[in-house]
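Here are the chains, one letter per residue:
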Amino acid sequence: MPFTCNICGEESTQICARCTKDACDNHLCEKCLKCSDCCECEVRLSEPARPMVRAVVAESVAPGIPDPEPDPEPPMPGPDPDPYPDPAPAPEDPAPIV
């Protein structure tokens, strides 16, 4: 009865000694019989299917020169004027001088 590897999906006939998931020959350690997820051996199980991609450091940036600080944000505008201002008070009549 064919099973599929829980790691890559290929056909498998064995299970991991620790987690009991199905594992193909590429993902089962010959030394401890654990899958590559559970194996703690320092031996690489197989060559990676794809070459590892390493981060590329931008060479155009000169070392030791910090990035310029961004421009400050413009100040926030004040509140909107009152659309219905109170009417101005009427001038009072001056008191007569006696």
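Every chain begins its residue count from 1, and numbering advances along the sequence as written. For a predicted model such as this one, the threshold for reporting local features is a pLDDT of at least 70, and the threshold for listing and counting side-chain atom pairs is 80 or more; totals across whole chains, interfaces and linings nevertheless cover every residue. Side-chain metrics in this entry use all non-hydrogen atoms of the structure; hydrogen atoms and water are not considered.

The helix and strand tally for the chain stands at 0 helices and 4 strands. Mapped from its N terminus to its C terminus, the chain presents α and β elements in the order β-β-β-β. When accessible area is computed with a 1.4 Å probe and restricted to protein chains, residues below 20% of their type maximum are described as buried, those above 50% as exposed, and intermediate ones as partly exposed. A burial count over the chain gives 12% of its 98 residues as buried. By definition in these notes, contact holds between two residues if any of their heavy atoms fall within 4.5 Å. For the chain, the share of sequence-separated contacts (at least 6 apart) that also reach a separation of at least 24 residues comes to 4%. Approximately 9,800 Å² of the chain is accessible, and the part contributed by carbon and sulfur atoms is 56%. Strands here mean DSSP runs of E at least two residues long; helices mean DSSP runs of H or I at least four residues long; both are numbered from the N terminus. Each accessible area value is a Shrake-Rupley result obtained with a 1.4 Å probe; residue values ignore everything except the protein chains displayed when judging cover.

Moving on to the side chain of Ser12. Of note, Ser12 is situated in strand S2 (residues 11–12). Among residues more than four places away in sequence, those in contact with Ser12 are Phe3, Thr4, Cys5, Asp22, Ala23 and Cys24.

Among the secondary structure elements, Arg18 is positioned in the loop between strand S3 (14–15) and strand S4 (22–23). A residue is classified by how much of its surface remains accessible, and Arg18, at 52% relative accessible area, is exposed. Counting along the chain gives 20 residues from Arg18 to Cys38, while the straight-line C-alpha distance between them is 6.9 Å.

So, on to the nonpolar core. Nonpolar cores are built from buried Ala, Val, Leu, Ile, Met, Phe, Trp, Tyr and Cys residues. Side-chain atoms within 4.5 Å join them into one set. Listed in full, the 5 residues of the largest apolar core are Cys16, Ala23, Leu28, Cys35 and Cys38. Residues contacting Cys38, with those up to four places away along its chain left out, are Cys16, Arg18 and Cys19.

The next thing to look at is unusual backbone geometry. Within the chain, Thr20 stands out as a residue other than glycine whose phi angle is a positive 60°. Note on placement: Thr20 falls in the loop between S3 and S4. Unlike most non-glycine residues, Leu33 shows phi in positive territory, near 60°. Within the secondary structure, Leu33 is located in the segment after S4. With relative accessibility at 46%, the residue Leu33 sits in the partly exposed group.

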